[in-house]
Amino acid sequence: MEIYLARRPMDAWRIADEHKRKHSKPVKITILQVRDEKLAEELESALKARAIEKRCPNCNNQLWLISEDCFFCPRCRLYYIPSQDAIYYRLGDVIKQRTPAGPVDEVIEGFDDLLRKNCGFRGLNPVQERALREIIRKIEDGHTRGIIALPTGTGKTVLAACLLRWILARSEELRGACILFLAPRLVILKQVATIMDMAGICATGFHKVFRDLPITLCPLTEDVYPYEKGEELLSLLKFNRPHSLCVIAITPQLLWAIHKDSKKWRRLLRNMSRVKVIIMDDVHHTYNGEASQDVVREVIDNVEYVIGLSATPTNEAVANVGGLLTCRPIEEAMRLGVLVKGIKFCVYDTEVEKRGIRKPFDEWKVCIRRRARQYAEKIIKTIDEIRKSTDRDRVPKTAVACPNIKEANILYEILREKLGEENVHIAHYKSQEIGERDPAEIISRFRKRKGGVLISVSMIDIGFDDRDLEVLVLARPIRNPISYVQLVGRVLRTPSEETRAWNVKSRLGYCVVVDLTSSLYRLVGENNLQGFFELSESIMKGLEKAKKFEDDLRGDKRKDREIPEVDANVRVTHIKTQLVRPKPILCPNCRRYVYPEYRDVEKVCPECGFVFSPRPRY
Ligand SMILES: [Zn+2]
Ligand SMILES: [Zn+2]
């Protein structure tokens, strides 16, 4: 493999032409457009590090790299898998013969093995396993459209990759087919495909599942295609790649943009029949507005398999895409040890009483200095309690959702003074105005830290996703149940391996949710914190209407000067603190109710050592 760097697209084409003329035999030329200089350097060194020359076992010709463990000889037209020294002559054969098939038990076992080999995982986790079993059964019964409901942090992207592989392997004809992966947030799109993946290096967990298959990834993201993404999508859909199958990763927003041009839209629809599978991530998100709903329907109409993914599928999503292929509730994932084992809810009530004569106001659409001060006190109290019970001085990783940026800025100042500047950070879309960095950078720095408080308004909108988060503080009312479950989902993931030593979630076995406005009481009724599980399950089953959950999740988007500051008395009173855990299960051996533990690969009763499942794993 030879690598050239060009400054302008024109130069790239010229180099490509010269290179082609130099060689008498067919050559594979990939032109990647990289906007960022640093990224270009990274890509170059990554490619050089892996550009070990592979020779065709048949003719000794240099092979083309398709994926990390899959090469192609243009002369013999054969596929070569170096790790197993295997040769195939047809695209369909590589995929079919290398993918687990047959009875569901064998499929599960096959994917366990595949994930170990390709991704270095321990296999499917128990939530993924249960989900995959159920989905396979449904698809075999003829349900080729539907939604996979899995809690945040249980590995739905990798599950989707396994499922996609299984679907492709059972398809009759694969020549000329392609796959569309839609994700409304760029953060997610980057977890599926980056420019590295486009060059044949398996960088994402999603791509690694396909490491040994002739599958190429084409992410149409900002850093890969800053311009003309629509045209690029149309040509990817139109032109056939003879030697590989293409997964095109785009945002649904790109579809809305193409839809505005009726000529382009017709071109798109003409080629949609080539799309074998559509995966729609975050299917509860932007797909279901009145206008976008029709666009989605037109697109998915001619596609054989349509799979939606979500942690909170809505009623509308179910109506547009299809029923549930599987639904694994949060409670189950917690019991199985795939999520944190417990949630400590600390519920407070906030009362606001205006001072002086004023016309009535919505207390959550204004900034109240006394409220910020009171909230700071409660946050510090929570932090101190955790410090005491873990016997450590560290500030636990805490995220705070504020009512608006003005109050967020005040809370930021107070907490900095009390906890030290190095321990308090702020990220909202205007945080640059108060001399802070770009929110994305603050978030990525926060992720690398061992502790500290991150203050924001919207949290999810700005792409906050940190599995080591220990405490979530809701400093504004969350009225929509979907938003509530989405937000709490941020803190339920099990901590990463490297942080186990200090993370509260592994040391105490639970995360902490401080609900300062008694939102949970309003959603599930008073004194019923265990009701969180029922609420989240009914949402995961797609029973709740979305209504305006997106606004609720995002919070107040107004600028600082548009938010009035109001003088008011604020009383924040503690109502209840309770550790909520999934219901324990009955051990058939010692007849006690226990929370099973996962020791290496076995699910074990902690009381008597009884091994639960007949085919233990994970
Ligand atoms: Zn050959
Ligand atoms: Zn037992």
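Everything numeric here is computed off the predicted structure, so don't read it as measured data.

Not every positive phi belongs to a glycine, and N60 is a case in point at roughly 65°. By the secondary structure assignment, N60 is in the loop between α2 (37-50) and β1 (64-67). Even without glycine at this site, D282 takes up a positive phi of about 50°. As for its position among the elements, D282 is in the loop between β9 (275-280) and α13 (290-300).

With that settled, consider the sheet that holds strand β15 (residues 453-456). Spatially, β14-β15-β13-β16-β17-β12-β18 is the arrangement adopted by the seven strands of the open sheet, whose pairing is mixed. A strand with exactly one partner marks an edge of an open sheet, and here the two such strands are β14 (424-426) and β18 (568-580). Put simply, the sheet's adjacent strands are angled 15° from each other on average, direction ignored. Across four bridges, strand β16 (residues 471-474) lies against strand β17 (residues 510-515) in parallel orientation. The partner of L474 across the bridge, within β17, is D515. In the packing of helix α18 (residues 439-448) onto the sheet, contacts are made with β13 (398-401), β14 and β15, and the angle to β15 comes to roughly 155°.

Glancing now at the coordination of the zinc ion (ligand 2). Within the protein, the zinc ion (ligand 2) binds to C587 (SG), C590 (SG), C605 (SG) and C608 (SG); these donor distances fall in the range 2.3 Å. For the zinc ion (ligand 2), the four donor atoms are set out with angles of 104 to 115° between them, so the coordination reads as tetrahedral.

Residue placement: D197 occurs in helix α8 (residues 195-198). An unpaired buried charge is present at D197: no salt bridge exists, and K208, the closest side chain of opposite charge, is 7.6 Å distant. A polar atom in the side chain of D197 sits 3.3 Å from the backbone nitrogen of T204. Setting aside chain neighbours within four positions, we find D197 in contact with C202, A203, T204, H207 and L217.

Next up on the list: the coordination of the zinc ion (ligand 1). For a metal bound by four donors in a tetrahedral arrangement, the ideal donor-metal-donor angle is 109.5 degrees, while six donors in an octahedral arrangement ideally sit at 90 or 180 degrees. Only C56 (SG), C59 (SG), C73 (SG) and C76 (SG) from the protein coordinate the zinc ion (ligand 1), and they sit 2.2 to 2.3 Å from it. Each of the four donor atoms bound to the zinc ion (ligand 1) contributes to angles spanning 106 to 117°, and the resulting shape is tetrahedral. Read in sequence order, the donor residues for the zinc ion (ligand 1) give the motif C-x2-C-x13-C-x2-C. Separated by 17 residues along the polypeptide, C59 in the loop between α2 and β1 and C76 in the loop between β2 (70-73) and β3 (78-81) bring together distant segments of the chain.

Turning to the nonpolar core, a few remarks are in order. Core analysis: the largest hydrophobic core is formed by 103 residues, its most contacted members being F345 and F532. The dominant element in this core, judged by the number of residues it contributes, is helix α6 (residues 156-169), at eleven residues. In contact with F345, other than residues within four places in its own chain, are Y484, V513, L520, L529, F532, K576, T577, Q578 and V580. Grouped together as the second largest cluster of nonpolar side chains are 42 residues, V395, L415, L419 and V504 included.

Moving on to the pairing of strand β6 (residues 178-182). Counting buried positions along β6 yields five of five residues, so the element is predominantly enclosed. In terms of strand pairing, β6 meets strand β8 (residues 245-250) through five bridges, oriented parallel. Of the residues in β8, the one forming a bridge with F181 is A249. The pairing of β6 with β9 spans five bridges and is parallel.

One can find V457 in the loop between β15 and β16. V457 sits 55 residues away from C402 along the chain, and the two C-alpha atoms are 4.7 Å apart.

Cut-offs and rules
Residues numbered from 1 in each chain as written. Chains lettered and ligands numbered in written order. Predicted model: local features only at pLDDT ≥ 70, side-chain atom pairs only at ≥ 80, totals over all residues. Heavy atoms only, no water. Helix = DSSP H or I, 4+ residues; strand = E, 2+ residues; numbered from the N terminus. Pairing = 2+ DSSP bridges. Axes fitted to C-alpha atoms, helices over the stretch in contact; angles between N-to-C directions. Contact = heavy atoms within 4.5 Å. Donors = N, O, S within 2.8 Å, 3.2 Å for Na, K, Ca; no water. Tetrahedral: all angles 85-135°; square planar, octahedral: opposite > 155°, others 65-115°. Buried < 20%, exposed > 50% of the residue type's maximum accessible area, 1.4 Å probe, protein only. Lys, Arg positive; Asp, Glu negative; His and termini not counted. Salt bridge = Lys/Arg side-chain N within 4 Å of Asp/Glu carboxyl O. Polar contact = N/O pair within 3.5 Å; in protein donor to acceptor, adjacent residues only side chain to side chain. Core = buried A, V, L, I, M, F, W, Y, C linked by side-chain atoms within 4.5 Å.

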